Amino acid sequence: MSAKILKLPVFNSRDPADCLRKIADQIEAGALGEVSTVGVVVFGDELHIYGAGDESGGSDVSMLFQAANLHMVRCVADYKEE
């Protein structure tokens, strides 16, 4: 499984609802390719974890978050200043 980090459009990253709307707009426009599964973590008064899509059960979303974490760690580990 490979993934690349995409730049999101300019939006107010301090506004979670606006951020989610912009991501949804990109999914609907096909700008992120074919999206089959998403995972969202919401931290407010409590922590909530949501999965949606073809494979959005608890273990699938957990694996998705673990894969994203591994990808971010590899990006940091492989970073070379130019």
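For the structure given in this document, a descriptive report is provided here. (Residues numbered from 1 in each chain as written. Predicted model: local features only at pLDDT ≥ 70, side-chain atom pairs only at ≥ 80, totals over all residues. Heavy atoms only, no water.)

## Topic: the overall build of the protein
Within the protein one finds two helices and two strands. Element order for the protein, N to C, with α for helix and β for strand: α-β-β-α. Each of the 82 residues in the protein was classed as buried or not, and the buried ones make up 6%. For the protein, contacts bridging at least 24 residues in sequence account for 23% of all contacts bridging at least 6. Surface summary for the protein: the accessible area is close to 7,200 Å², and the carbon and sulfur share equals 54%. (Helix = DSSP H or I, 4+ residues; strand = E, 2+ residues; numbered from the N terminus. Buried < 20%, exposed > 50% of the residue type's maximum accessible area, 1.4 Å probe, protein only. Contact = heavy atoms within 4.5 Å. Areas by Shrake-Rupley, 256 points an atom, 1.4 Å probe, with all protein chains shown as cover.)

## A few points about the pairing of strand β1 (residues 37-43)
One ladder, built from seven bridges, connects β1 with strand β2 (residues 47-53); its direction is antiparallel. Bridging across to β2, Val38 finds its partner in Ala52. Count of turn residues in the β1/β2 antiparallel hairpin: three residues. (Pairing = 2+ DSSP bridges.)

## Some points on the environment of Gly58
Position of Gly58 relative to the elements: it lies in helix α2 (residues 58-77). The spacing of Gly58 and Gly39 is 19 residues in sequence and 9.8 Å in space, taken between C-alpha atoms.

## Focus on a nonpolar patch on the surface
Judged by side-chain polarity, Val41, Phe43, Leu47 and Ile49 come together as a nonpolar surface patch covering roughly 460 Å² of accessible area. Inspection of the secondary structure puts Phe43 in strand β1. Phe43 sits in the exposed class, given a relative accessible area of 70%. (Patch = residues over 30% accessible without salt bridge, like charges linked within 9 Å, V, L, I, M, F, W, Y side chains within 5 Å. Salt bridge = Lys/Arg side-chain N within 4 Å of Asp/Glu carboxyl O.)

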